Amino acid sequence: MNILVTGANGQLGNEMRIVARGSADRYIFTDVTEQEGVETVRLDITDLEAIRRMVRENQVQAIVNCAAWTNVDAAEAPENRAIVERLNAEAPENLAIAMKEAGGWLVQISTDYVFGKEPYNTPCQPNQQGTPTGIYGLTKKMGEERIIKEFSPLPAPASPLPAPPLGECSVADATSSSLLSGNEALPQRGSGEGAGSEEGLPGGYVIIRTAWLYSEYGKNFLKTMLNLTASKPQLKVVFDQCGTPTYALDLARAIEVILHKPVQGIYHYSNEGVCSWYDFTQMIARLAGHSGCDIQPCRSEEFPSPVKRPAYSVLDKRSIRETFGVDVPYWVDSLQKCINNIKNDSL
Ligand SMILES: NC(=O)c1ccc[n+]([C@@H]2O[C@H](COP(=O)([O-])OP(=O)(O)OC[C@H]3O[C@@H](n4cnc5c(N)ncnc54)[C@H](OP(=O)(O)O)[C@@H]3O)[C@@H](O)[C@H]2O)c1
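Here the structure is a predicted model, which means the values were calculated and not measured. (Residues numbered from 1 in each chain as written. Predicted model: local features only at pLDDT ≥ 70, side-chain atom pairs only at ≥ 80, totals over all residues.)

Caption draft 1: Just the overall build of the protein, in detail. In terms of helices and strands, the protein carries 9 helices and 13 strands. Burial status across the protein gives 46% buried among its 347 residues. Here the analysis covers contacts within the protein between residues at least 6 apart in sequence; of these, 80% occur between residues at least 24 apart. (Helix = DSSP H or I, 4+ residues; strand = E, 2+ residues; numbered from the N terminus. Buried ≥ 20, exposed ≤ 12 C-beta atoms within 10 Å, placed from the backbone. Contact = placed C-beta atoms within 7 Å.)

Here it is as C-alpha cells:
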C-alpha cells in the first residue's frame, strides 16, 4: 500500500516515521519544511493541485494527515485567522477531495478541543456534540465537517418531486447535526482489505480525535516540564483542567493498524486514564527523577490565556478499541517509555 503522510516533521509525523520502519507498506513523508537527517518531500496541503499531483504520481491509496496549525493561543490572533482556517479546515477538505477522486482513505487527526464549552464530567463520546471555546477547536471541527461532507453521498432525489434543473444539485449540509451524529449514523465502509486496496474499495475517512499529544520530537508539554522541573525550585501547574495525555508513538501504531482495516467514522484515541496538568507534571518529575522542584497546584485564572481550555476533555476510547482492536496503554506506562527514550536519546 502507498501511504502519504503530511506534516511528517511534526510530533505525530515523526512517530509515523518510526512505525514505517517496520512496515511492508511504502510511506511517502511530506511537509512544508525540511528536517535535518530525514527525507522529506515538500507538500503544502493548502495546495489542492499539488496534492492531486502527488497522489497521481505516487499512486497514493491512503493519506494520514498529521499537518495542522497547532498553536492554540496564536490561533486567536486576528492576523492568523485566515491561515489557521486554511490549514485546519480547507486543507483537510483538499485531502478528502484527492482521496475521494483516487478511491483512497483519509485518516484525519482531530482534537479534544472540538469539545470544551460544555461542563462535561464523563468521557466524551465520538458522537457527542461539542462547542469549541476557540479558533483552533472551531477550525478543527470545520475540518471534520468538510471531510464528512466531501465523502457524503448526494442525497437521493425525493420522489415524487421532479429532478432539479442541471447545475442545481445540492449536497447535505455539513453543519447539520446528522453529519456528526456518530458512527452508527454514518455509512460504514471497509471490509478488511486495507486502505485503497486493489479490490476496489470506494475509500472513505477515519477521523481520530486525540488529546494532550507529546513525543520525543518538537516542542511539547512533556519536554517543557522536563526542563522546568530540572531547573526551577518551584512550579505552579493548573489542576482544574483534566484530560489524558497521549504518547504520539501509541497513536501512530494505532493508525497503522487502522490503515489496514479502515472503517469509516469518527473515533477517539488518547492513552488510558485521567489526570490534570498538575498530576501530569508531578508524574513527569517523578519518572524523570527530578525531586528538587516543589510543584504546586493552581487554578487556570492564574495563567491568563487568549483561549479558555476545556475543563474536562477525557475521550472515550471504546469504539476505536472495539472496531480496530488497537492497543490503548495506560498514560503513566507510556510516559515512562517516552521519558526513557528522551533520556537515552535512543532514536
Ligand atoms: N499537539 C497536541 O497536543 C495535539 C492535541 C490534539 C490533537 N492534535 C492534532 O494532532 C495532529 C498532529 O499534531 P502535532 O502535535 O504532531 O503537530 P505539529 O508537531 O505542530 O506538526 C504539524 C506539522 O505540520 C506542518 N505544516 C504546517 N503547515 C503545513 C502545510 N501548509 N502543509 C503541510 N504541512 C504543514 C508543520 O510545519 P511547521 O512546523 O514548519 O509549521 C509541522 O511539521 C494535528 O492535527 C493536531 O491538530 C494535537
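Caption draft 2: Highlighting helix H6 (residues 248-259). With 12 residues, H6 should cover 16 Å at 1.5 Å per step; its first-to-last C-alpha distance of 16 Å lies within 8% of that length. The buried fraction of H6 amounts to 10 of the 12 residues, a majority that puts the element mostly inside the structure. Taken as a whole, H6 has its buried residues at Ala248, Leu249, Asp250, Leu251, Ala252, Ala254, Ile255, Glu256, Ile258 and Leu259. (Expected span 1.5 Å × (residues − 1).)

Caption draft 3: Spotlight on the packing of helix H7 (residues 277-288) against helix H9 (residues 331-344). Viewed as axis vectors pointing N to C, H7 and H9 meet at an angle of 50 degrees, and their least axial separation amounts to 10 Å. Put simply, H7 runs oblique to H9. Viewed along their axes, H7 and H9 form a crossing whose handedness is right-handed. Across the interface between the two elements, Met283, Ile284, Leu287 and Ala288 from H7 touch Val332, Leu335, Gln336 and Ile339 from H9. Classifying every residue of the contact of H7 with H9 by side-chain character gives 7 nonpolar, 1 polar and no charged. (Axes fitted to C-alpha atoms, helices over the stretch in contact; angles between N-to-C directions. Parallel < 35°, antiparallel > 145°, perpendicular 65-115°, else oblique. Left-handed = near helix turned anticlockwise from the far one by under 90°. Nonpolar A, V, L, I, M, F, W, Y, C, P; charged D, E, K, R; others polar.)

Caption draft 4: The site of the ligand, seen in detail. Taken together, 25 residues lie around the ligand, and Gly7, Gly10, Gln11, Ala67 and Ala68 are the ones closest in. Sorting the residues of the shell around the ligand by element identifies helix H1 (11-21) and strand E5 (105-111) as the ones contributing at least two each. Of the residues belonging to the shell around the ligand, the class tally is 11 nonpolar, 11 polar and 3 charged. (Near = placed C-beta within 6 Å.)

Caption draft 5: How the structure looks around the environment of Ala248. Here Ala248 shows up in helix H6. Residues Ala248 and Cys338 lie 90 residues apart in sequence; the distance between their C-alpha atoms is 9.4 Å. Apart from residues no more than four positions distant in its own chain, Ala248 is found in contact with Gln11, Leu12, Glu15, Leu213, Tyr214 and Ser215.

Caption draft 6: View of the sheet that holds strand E3 (residues 41-42). Within the open sheet, the 7 strands sit side by side as E3-E2-E1-E4-E5-E6-E11. Their pairing is parallel. Single-partner strands in this sheet number two, and they are E3 and strand E11 (265-268). Of the strand pairs in this sheet, strand E1 (residues 2-6) and strand E2 (residues 26-31) are connected by 4 bridges, and their pairing is parallel. By the bridge assignment for E2, Asn2 is matched with Arg26. (Pairing = 2+ DSSP bridges.)

Caption draft 7: Molecular detail of the confidence of the model for the protein. Mean pLDDT over the protein works out to 88, with 86% of the residues at or above the 70 mark. The low-confidence segment residues 160-193, where pLDDT is below 50, has 51 contacts with residues more than four positions distant or belonging to other chains. Confidence over residues 196-200 falls short of pLDDT 50; this stretch has 10 contacts with residues more than four positions distant or in other chains. (pLDDT = per-residue confidence, 0-100.)

Caption draft 8: Local environment of helix H2 (residues 48-58). Restricting attention to buried positions, one finds in H2 the residues Ile51, Met54 and Val55. End-on, the buried residues of H2 take up no more than an arc of 95 degrees, which puts them together on one face. Among the exposed residues of H2, those oriented more than 90 degrees off its buried face are Glu49, Arg56 and Glu57. Buried positions along H2 lie against E1 and helix H3 (81-102). Positive backbone phi, at 45 degrees, marks Gln59, one or two positions downstream of H2. (Arc of directions from axis to C-beta.)

Caption draft 9: Structural context of the pairing of strand E4 (residues 62-65). Residues of E4 alternate between two faces, with Ala62 and Val64 on one and Ile63 and Asn65 on the opposite face, all of them buried. Across 4 bridges, the pairing between E1 and E4 is parallel. Bridged to Leu4 within E4 is Ile63. Relative to E5, E4 runs parallel, the two being bridged by 4 bridges. Pairing of Val64 across the sheet is with Val107, part of E5. Taking the sense of rotation as the criterion, the β-α-β connection linking E4, H3 and E5 turns out right-handed. (Right-handed = clockwise from strand over helix to strand, strands pointing away.)

Caption draft 10: Structural view of unusual backbone geometry. Phi is positive for Gln59, close to 45 degrees, though the residue is something other than glycine. Within the fold, Gln59 resides in the loop between H2 and E4. Exposure remark for Gln59: the 12 C-beta atoms within 10 Å place this residue in the exposed category.

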